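# Observations on chain architecture
Single-letter residue listing:
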Amino acid sequence: MNMLIRNQRAPTLTLLTMAVSLALFGCSDNDNSFNDDDIDTPAATYEADIQRTQFGIPHITAKDYKGLGYGVGYAFAEDNICSLAHEIVVASGQSMLYLGDEGNMASDVFYTWYNSPERRSSFLAAQDPEVIDAVTGYAAGYSRYLRDTGVDNIDPDCAGVEWVREIDINDLLTLYGKANLRGGLSNFVGAIVAATPPVENSVMGSSRMRSANIDPVVESTPKFDMTTINVMDGGSNAYAFGSEVTGTDSGVMYGNPHEPWEGVQRFYEFHLTMPGKLDVMGVGQQGQPFPNIGFNKDVAWSHTVSTAKRFTLYQLNLVAGDPMKYIYKNSDGTLEQRDIEAVDVTIQLPDDQTLVRPIYLSQYGPMLAANTLSDLLPTWGANNLAYTIRDAASENPRALNQWRSMNQATSVEDLVDRMQDTLGLGFVNTIATDRYGKALYADISTVPHVTKEQLEACSANAGPFLGALVAADLPALNGSDAACEWGTDADSPQAGIFGRSNLPFLIRDDYVENSNDSYWLSNPEEPLTGFSPLLRRRLVPFLGPNPVDGVPLLMRTRMGLTQILDRLSNKDELGGNTFNLENMQEVVYGNRSYVAELVLDDVLADCNDNAMLPLSSGGKPVRF
C-alpha cells in the first residue's frame, strides 16, 4: 500500500488530499496502482484509489464495482468501524452473546430467525452482478483495514473486543435484511417474539384468557408507537426547483434529511468514480456501497420518509379448541383449516449456553402478541382470534439494485423509469431535479396492494377489533378470507405490491416540496389524488362513500410551501423572484416557525393585556 500526500487545486477551492492506493497481491497491474488504461481488464483482485479532502471525505476511484466497494468499505472502517461491527452483531442475532447488558433476547431471536441462511441466499440471488461485486468488495475493504490496523489499534470504543472481526458478504446481508424492515417488522419485534398460543389448560374464547409467561426482556419492550413507522415526529425536508423558478436552464435542489448523528442510521458521505461509467457523490447508511442520497452530473435527489404503510395486520378466526389452526375461506367459498407453524430459533448465550424459543408463523408471516400493541386487543385465543402480520418491504430484495440504478440516472424522467422498473425503495419519497430544469416528487416505493374497497370490505363485519385498528391508522384485514389477500399489478416486480401505474409521481417546471407529508400537495397547483389509502398517513378520512382528497398538512409542510411562495413573490424581501443557491440557503436557514407566525402576536397581546392569566392547573404565574 502506497501513501502519499499532495496538494490538489480544485476550480473553486484548494483541497489537502491524502491518496491511499490499495492493491492486494495478484492484481492485474504489475505496479499495484490504478490507471485509466486498463478499466476494461477484469481485475484478479480488488483495487481502489482513495483520496480524502481536507474535511476527510473519501473520493474513491476504481476500474470496477469490486474496487469501488473495496474503497468504500476500507474508508468506512477507518471512520466508523465500531458502529458497523456493532450493527452486524445485532443483525446477526448475537447481542446476548457479545454485548453484555446491551444484549436483547427478543432482538436476537427475531433477527436469527429473519436473517436465516435461506433468506440471505434468496436475497443474494436477487442482486445484480455489479451489486454483488460491490458488496463483496466492501466486505474485503473493511476486513483489509482491520488487518492493516489490528483490532487492538482501532477506535478505542471497540479496540480489542472479540466481536470486532473480519467480515464477509453474509455479514453484510444480515445488515441489509435488518435495514429492509425499518417501516414494518422491526417495529413489531417484541410483539412477534412474545406471541405464544394459550396454555393447554386454558379455555379458548374467554376474554380473560392469557398466554403463557413472557420473558421479562420481551415484556419490557416499549409499547407499539405508530409514529416510529411514519415518522410523524421526524424532520426530513426536501425542495426541488425547476427552470421556471431558478431563472436558468437547470434545477436547484435542497435536501434536509434528518437522520441521527450516531448509530446505524447515520449518513456517511463519499464519492465514487469509475472512469467512463459512473461518477456520483452523496451519502449512504453504513454498509451501503452506493450513495442513497446524492448527485451526479445530470441529477440530484434526496429522500423524505413516506407516509405509506408497508404492512398489514391480519385477524385470524381460530378453529374452536385449537389455537394452532385457523379457518380460511378460499376464493371459491370453500372453508378449510390452515396451520400455524412453530419454528424453533436457537440463539447463542455466553459461556457456551444456548436458548431455544419458537417464532410462530401463519401463511402471511409471523404471529403477534396483539395485546402488547394495545391493552384493548385480545391475547392469542381470546374471542377465538389471533393476529399476524405481512410486511411488503420484508419481501423486497431490490433496494441495493435500486440505489445503483439511481446513481446512473441522466434526468428526472430517467430516474422515474429506474424507480418504476425496480421498485426497490422501502420507505421513502424521492425529490429530485436535473440539469434540464425539471423538478420531481415521487412515492415510488414498496406498498401492499390493498385498495380502498378491499380495506373497507376486509375490516368490516369481523368484530370490533379490525375497525379499531384501522381507526388507529393500522391497516388490518380479515385473514380468514381469500378476498383479503393482497392483490398484484401486472407491472409490479413483486407479488402483492402496487406497480408503477398505481404509485404517485409529479414532474414540474416550477417546484415540488415534501416534509414527511403524503403525496397530495407536493405542489398545490397540481394535487395528486386517487391512490390507495395505504399511501396516506391517516386511513379513515379516505374510506367510506365520501372520501376526502386530503387532510390538513403538517406544520413543516405548510412552512415549506410558505417559504417557497414568499420567495417567488419576493415577500421575503431577498430580492427578485427566483431561487438560486445563495438565497435558497437564506430561506431554509431563516429559522422561521409557521406556528409562531400564526399565533405569536395574539399570544403576546394576551399576555400584555392580561398579565396575570391563570394557569391551566388553577394557580397563578409568578413574574420575575
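Above: the structure in question.
What counts, and where the lines are drawn
Residues numbered from 1 in each chain as written. Predicted model: local features only at pLDDT ≥ 70, side-chain atom pairs only at ≥ 80, totals over all residues. Heavy atoms only, no water. Disulfide = S-S within 2.5 Å. Helix = DSSP H or I, 4+ residues; strand = E, 2+ residues; numbered from the N terminus. Buried < 20%, exposed > 50% of the residue type's maximum accessible area, 1.4 Å probe, protein only. Pairing = 2+ DSSP bridges. Salt bridge = Lys/Arg side-chain N within 4 Å of Asp/Glu carboxyl O. Phe/Tyr/Trp six-rings, centres within 6.5 Å; stacked < 30°, edge-to-face > 60°. Axes fitted to C-alpha atoms, helices over the stretch in contact; angles between N-to-C directions. Parallel < 35°, antiparallel > 145°, perpendicular 65-115°, else oblique. Contact = heavy atoms within 4.5 Å. Nonpolar A, V, L, I, M, F, W, Y, C, P; charged D, E, K, R; others polar. Polar contact = N/O pair within 3.5 Å; in protein donor to acceptor, adjacent residues only side chain to side chain.

## Some words on the state of the cysteines
Applying the stated criterion to the full structure yields 2 disulfides. Put simply, Cys-82 and Cys-158 are joined by a disulfide, and their sulfur atoms are 2.0 Å apart. One quick way to see it: the torsion about the S-S bond of Cys-82 and Cys-158 is about -85°, and its sign makes the bridge left-handed. Of this pair, Cys-82 sits in helix α1 (residues 65-91) while Cys-158 is found in the loop between α5 (129-149) and α6 (169-179), placing the two residues 76 residues apart along the sequence. Given a relative accessible area of 12%, Cys-82 falls into the buried group. Using a relative accessible area of 1% as the deciding quantity, one classes Cys-158 as buried. Sulfur-sulfur distance for the disulfide between Cys-458 and Cys-484 comes to 2.1 Å. Measuring handedness by torsion sign, the sulfur bridge of Cys-458 and Cys-484 sits at about -95° and is left-handed.

## Considerations on the pairing of strand β7 (residues 267-274)
Most of β7 is tucked away: 6 of the 8 residues are buried. Sheet topology places strand β4 (residues 58-61) next to β7; 3 bridges connect them, and they run parallel. Along β7, the bridge assignment pairs Thr-61 with Thr-273. The pairing of β7 with strand β8 (residues 278-285) spans 8 bridges and is classified as antiparallel. The partner of Phe-270 across the bridge, within β8, is Gly-282. Once β7 ends, the chain turns through 3 residues before running back antiparallel as β8, passing Gly-276 with a positive phi of about 80°.

## What about the pattern of salt bridges?
Applying the stated criterion to the full structure yields 26 salt bridges. Glu-78 is the partner of Arg-52 in a salt bridge, and the nearest nitrogen-oxygen pair spans 2.9 Å. Here the residue Arg-52 occupies a position in strand β3 (residues 47-52), and Glu-78 occupies one in helix α1, the gap between them amounting to 26 residues. Taking relative accessible area as the criterion, Arg-52 reaches 15% and is therefore assigned buried. Using a relative accessible area of 33% as the deciding quantity, one classes Glu-78 as partly exposed.

## Quick word on the packing of aromatic side chains
For the structure shown, the criterion picks out 19 aromatic pairs. Centroid distance Tyr-65 to Phe-290: 6.1 Å. Interplanar angle 70°. Geometry classified as edge-to-face. Of this pair, Tyr-65 sits in helix α1 while Phe-290 sits in the loop between β8 and β9 (293-295), and the two are 225 residues apart along the sequence. The residues Tyr-65 and Phe-290 share a single accessibility class, namely buried. An angle of 75° between the planes, with centres 5.1 Å apart, marks the rings of Phe-188 and Phe-311 as edge-to-face. Of this pair, Phe-188 sits in the loop between α6 and α7 (189-194) while Phe-311 sits in strand β11 (residues 311-319), placing them 123 residues apart in sequence. In this structure, Phe-188 and Phe-311 share a single accessibility class: buried. Aromatic ring contacts, followed pair by pair, group Tyr-239, Phe-241, Tyr-254, Phe-579 and Tyr-589 into a single cluster.

## Side note on helix α11 (residues 399-407)
With 9 of its 9 residues buried, α11 lies for the most part within the structure. Of all the positions in α11, only Ala-399, Leu-400, Asn-401, Gln-402, Trp-403, Arg-404, Ser-405, Met-406 and Asn-407 are classed as buried.

## Examining the packing of α1 against α6
Following both chains from N to C, one finds α1 and α6 inclined at 75°, their axes separated by 9 Å at the closest point. Here α1 is positioned roughly perpendicular relative to α6, judged by the angle of their axes. On α6, the residues touching Leu-84, Glu-87, Ile-88, Val-90 and Ala-91 of α1 are Asp-171, Thr-174, Leu-175 and Lys-178. Among the residues making up the contact of α1 with α6, the classes are represented as 5 nonpolar, 1 polar and 3 charged.

## Here's the deal with the environment of Pro-117
Assignment of secondary structure puts Pro-117 in helix α4 (residues 117-125). With 57 residues separating them in the primary sequence, Pro-117 and Thr-174 have C-alpha atoms 9.5 Å apart.

## Section: the side chain of Ser-411
As for its position among the elements, Ser-411 is in the loop between α11 and α12 (412-422). According to the relative accessible area criterion, Ser-411 is buried, its value standing at 12%. At 3.1 Å, the side chain of Ser-411 and the backbone nitrogen of Asp-414 are in polar contact. Setting aside residues up to four positions removed in sequence, Ser-411 forms contacts with Val-299, Asp-434 and Tyr-436.

## A look at the sheet that holds strand β5 (residues 237-241)
Ordered by their spatial adjacency, 3 strands build an open sheet running β6-β5-β22, and the pairing between neighbours is antiparallel. A single partner strand is all that each edge strand has here, and the edge strands are β6 (252-256) and β22 (511-514). Taken pair by pair, the neighbouring strands of this sheet meet at an average axis angle of 5°, ignoring direction. Here β5 pairs with β6 via 5 bridges, running antiparallel. Residue pairing in the sheet places Ala-238 in a bridge with Gly-255 of β6. Relative to β6, helix α16 (residues 581-588) is tilted by about 30°, and along the sheet it contacts β5 and β6.

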